[in-house]
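What the coordinates show
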Amino acid sequence: MKANPVLPDMATIMEVVEETSNIKTFRVRFDDENVMKNFTFEPGQVGQLSVFGIGESTFVINSSPTRMDYLQFSVMRVGEVTSRIHQLKAGDSVGVRAPLGNAFPTEEMKGQDVTFIGGGIGMAPLRTLLVYLLDNRDDYGKITLLYGARTPQDLSYQEDIAEWLGRDDIDVVLTVDNPDEEWGKNPHEKTGLIPNVLKEINPDNSGYAVTCGPPIMIKFTLMALNELGFKDDKIITTLEKRMKCGVGLCGRCNIGDKYVCVDGPVFKYSELQELPNEL
Amino acid sequence: MACKFISHEDTNQWLEALAKDHVVFIPVDDGGSVTFRPYGEGRKPVLDRMPVRSPKEAVFPQNETLLTYKYDKDPEDPERTSVRIKETLPKERAVVFGARPCGTRGMTVFDSVFVNDRIRDPYYATRRENTLYVTLACHEVESTCFCHEVGSGPADTAGSDVLLTPVQGGYTAEAVTERGEKMLEASFFADGGDKCAEAEAVKKATREMLGEAHDFSNAPEALLAVFDDDEFWDDQAAACLSCGACTYLCPTCYCFNITDESTGTTGKRLRSWDTCMSFQYTLEGSGHNPRTTKGKRLKNRVNHKFAYFPDTYDQHLACCGCGRCIKSCPASIDIRSIVKAAQARSAQKESK
């Protein structure tokens, strides 16, 4: 932990990618080259982005530690801070406090199949792990991605998806609730709710399942994974709560005696079941 | 602990001397309420009543600046701005004089959270290191006092550097820490002599006034057993106005908000007391709120003090038994009764 855990490091936005009508991806580098050089994190950890005068919000670092040219954050425009972040352009300054929180159990997952199930902006935390696994491809078994959104236009990371579709060491299935005329022409393009498509794909239940998305999607995906026979301690999700400090002090992101900011954001389903019902 | 004595007259001299190189917070009458204010400007300490506000604010102010920032325009390209930030760590040395043992005990809850093997909050740590607590043992009790039920008592030294006990003509003074020992080297202190036995008698008598202690030791299990009992919690919180007085006055409540305040191109990032009794506290950008009802919010506050905190930090309750939340609640909500009701309810459930 840094000497002052609430003091951000200054960073500059290198590039902004418009993902969807309300999601933008920001690639940033710390201004101090030493900070950049010494920065380490693990897939799943988060960071706080600061726009001074507006405030701070928490986002997952969705680039992979295997590629340290920049740190990448995807931001959905929802409230005050995210609206202001959406106005930022390449060259603008931003404060970054990272890494915060825990990470995916990448060691434990070695040698196993991994099924990713992402919904909407929930694809962001999955992206970091997915890229990490692909960059350490030999250490892991079969990799499957099921990624869904409301419409084809709401699917982020188009560039990544194109690359993943071109690889033969990852199976990619996309699904939308509301297709357009073009949708469905390719075999990987499905229509329907994520949990239903997941059951259709019927992935091998001996491996890990990693899921993130809106609360309602997570709820039904967990039920589907259960039905498919995945073990509770091999189902992994990441949680979000309103956060301020991000370092376990300010008190608001607790579920029972656990703080999402330090004990999470990554939780196994078996761990979630031990927490009081307060999601 | 060596016991010394200081007369009432010398106590004023001592405060005067301490105020030369410390901000000395004393309890003063502030429009009828006793609050902590810096010594000076003719202010007299009010020591016969328990302060309404807690002594936490000397170390954890109601709001404090974490950093300042300044936007600079790029002279080459006025469209572009850069930001400079500056850390603003506190420097002043302080003494808190005349807090009651319950209030000072509250600081031990802060100590566990803000300085531990995982984290050191430099704002809190600096102030805590630079602040001395001279605490006054109680010689009277109020109906809302329950320090004896949460592992404390009217002469508790937890969190203090010096403990004063009221005796005829002045106070006995006992050093709790090395820093406290140094303080008692001042010339105002004489050997305690037979005042010490008098002080011990005062402590004993006050403890006896509190009577038998209710046993809260199974509170975590009992509270967890009624966690999903919405009817119970809605009932307990029915009268709550969500005003937050309980949390702001609580010596152990440490939750905070972080906000930015700008004036033109400069500004500061502030940390301010927050209250978990507010709807906004956990309201997320998406509109989702994990604690939509007063019952759910009250449950979190009670659970934090009697279940979560003891679970995370060495079994200490995050309640010092001062009774401020009971005394100042406009709706007469009593945290003791809530925990006792949870104990009764869970026992009832078990026997079914």
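Residues numbered from 1 in each chain as written. Chains lettered and ligands numbered in written order. Predicted model: local features only at pLDDT ≥ 70, side-chain atom pairs only at ≥ 80, totals over all residues.

Concerning the overall build of chain B
- The helix and strand tally for chain B stands at 11 helices and 12 strands.
- On C-alpha atoms alone, chain B measures out to a radius of gyration of 23 Å, which is about the 20 Å that the 2.2 N^0.38 rule sets for 352 residues.
- The principal-axis extent of the C-alpha atoms belonging to chain B is close to 70 × 70 × 40 Å.
- Residues counted as buried form 45% of the 352 residues belonging to chain B.
- A sequence separation of at least 24 residues applies to 69% of the contacts in chain B between residues at least 6 apart. (Helix = DSSP H or I, 4+ residues; strand = E, 2+ residues; numbered from the N terminus. Rg over C-alpha atoms; globule rule 2.2 N^0.38 Å. Buried ≥ 20, exposed ≤ 12 C-beta atoms within 10 Å, placed from the backbone. Contact = placed C-beta atoms within 7 Å.)

Some details on helix H7 (residues 230-237) of chain B
Residues and elements named next belong to chain B.
- Considered for burial, the residues of H7 that qualify are Trp 233, Gln 236 and Ala 237. Across the axial projection of H7, the buried residues extend over an arc of 90°, all falling on one side.
- Contacts from the buried residues of H7 go to helix H9 (294-312) and helix H11 (335-351). (Arc of directions from axis to C-beta.)

Focus: the environment of Asn 22 of chain A
- Looking at where Asn 22 of chain A falls in the secondary structure, it is placed in the loop between strand E1 (9-18) and strand E2 (23-30).
- Once residues within four sequence positions are removed from consideration, Asn 22 of chain A is found in contact with Met 76 and Arg 77 of chain A.

Structural notes on the interface of chain B and chain A
- Listed as interface residues are 37 residues of chain B and, on the opposing side, 36 residues of chain A.
- Secondary structure elements with two or more residues in the side of chain B that touches chain A: strand E4 (63-73), strand E5 (81-87), helix H2 (101-114), strand E11 (256-263) and H9 of chain B.
- Sort the elements by how many residues they give to the side of chain B that touches chain A and E11 of chain B lands first, with 6 residues.
- When the residues that make up the side of chain B that touches chain A are grouped by side-chain class, the tally is 19 nonpolar, 10 polar and 8 charged. (Nonpolar A, V, L, I, M, F, W, Y, C, P; charged D, E, K, R; others polar.)

Some details on the environment of Asp 135 of chain A
Residue and element names in this part refer to chain A.
- Locating Asp 135 in the fold gives a position in helix H3 (residues 123-135).
- In sequence terms Asp 135 and Leu 222 are 87 residues apart; their C-alpha atoms lie 27 Å from each other.
- Contact partners of Asp 135, with chain neighbours within four places excluded, come to Ser 64 and Thr 66.

What to know about the nonpolar core
- Val 210 of chain A together with Phe 25, Val 95, Val 96 and Phe 306 of chain B are the most contacted members of the largest nonpolar core, which has 167 residues in total.
- Take this core: its biggest share by element is 8 residues, from H3 of chain A.
- A domain split of this core shows at least three residues from each of domain 1 (9-100) and domain 2 (114-238) of chain A. (Core = buried A, V, L, I, M, F, W, Y, C linked by C-beta atoms within 7 Å. Domains from an automatic or database assignment.)

Let's talk about H11 of chain B
Residue and element names in this part refer to chain B.
- Helix length check: H11, at 17 residues, gives a terminal C-alpha distance of 24 Å against a target of 24 Å (1.5 Å per residue), a fit within 8%.
- Within H11 the residues assigned to the buried category are Ile 335, Ile 338, Val 339, Ala 342, Gln 343 and Ser 346. What you see down the axis of H11 is that its buried residues fit within an arc of 140°, all on one side. The exposed set on the far side of H11, more than 90 degrees from its buried face, consists of Ser 337, Ala 344, Gln 348 and Ser 351.
- Summarising the contacts, the buried residues of H11 are in contact with helix H6 (219-225), H7, H9 and helix H10 (324-327). (Expected span 1.5 Å × (residues − 1).)

Some details on the pairing of strand E3 (residues 33-38) of chain B
Residue and element names in this part refer to chain B.
- Bridge analysis of strand E2 (residues 23-30) against E3 gives 6 bridges, and the strand direction is antiparallel. Each residue of the ladder has a partner; that of Pro 27, found in E3, is Phe 36.
- Where E2 folds back on E3, the antiparallel hairpin that results is connected by 2 residues, among which Gly 31 adopts a positive phi of roughly 65°. (Pairing = 2+ DSSP bridges.)

Points about the domain arrangement of chain A
Residue and element names in this part refer to chain A.
- When cut into domains, chain A gives domain 1 (9-100) and domain 2 (114-238).
- Taking only C-alpha atoms into account, the centre of domain 1 sits 24 Å from that of domain 2.
- Opposite the 15 residues of domain 1 that make contact, domain 2 presents 14 residues.
- Counted by class, the side of domain 1 that touches domain 2 contains 6 nonpolar, 8 polar and 1 charged residues.

Side note on the sheet that holds strand E9 (residues 171-176) of chain A
Residue and element names in this part refer to chain A.
- Strand order in the open sheet formed by 7 strands is E10-E9-E8-E7-E11-E12-E15, with mixed pairing between adjacent strands. Whereas interior strands pair on both sides, the edge strands pair on one side only; in this sheet they are strand E10 (189-191) and strand E15 (266-268). Each neighbouring strand pair of the sheet contributes to a mean axis angle of 20°, computed without reference to strand direction.
- Here strand E12 (residues 235-238) pairs with E15 via 3 bridges, running antiparallel. Bridge pairing in E15 links Ile 236 to Lys 268.
- Sitting on the sheet, H3 touches strand E7 (114-119), strand E8 (143-149), strand E11 (208-212) and E12, and the angle it makes with E7 is about 150°. (Axes fitted to C-alpha atoms, helices over the stretch in contact; angles between N-to-C directions.)

Examining the sheet that holds E1 of chain A
Residues and elements named next belong to chain A.
- Pairing in this open sheet of 6 strands is antiparallel, and the strands run E4-E3-E6-E1-E2-E5 from one edge to the other. Among the strands making up the open sheet, the edge pair consists of strand E4 (55-60) and strand E5 (71-76). Recorded for the sheet is a direction-independent mean angle of 40° between the axes of neighbouring strands.
- Looking at chain direction, E2 and E5 are connected through 6 bridges and run antiparallel. In the sheet register, Val 28 faces E5, and the bridge partner there is Leu 71.

Concerning the packing of helix H5 (residues 194-201) of chain A against helix H6 (residues 215-228) of chain A
Residue and element names in this part refer to chain A.
- One way to put it is that H5 packs onto H6 with a least axis distance of 8 Å and a crossing angle of 20°. In terms of orientation, H5 and H6 fall into the roughly parallel class. For the element pair H5 and H6, the recorded crossing hand is right-handed. Where H5 approaches H6, its residues Ile 194, Pro 195, Leu 198 and Lys 199 are matched on the opposing element by Met 217, Phe 220, Thr 221, Met 223, Ala 224, Glu 227 and Leu 228.
- Residue composition of the contact of H5 with H6, grouped by class: 8 nonpolar, 1 polar and 2 charged. (Parallel < 35°, antiparallel > 145°, perpendicular 65-115°, else oblique. Left-handed = near helix turned anticlockwise from the far one by under 90°.)

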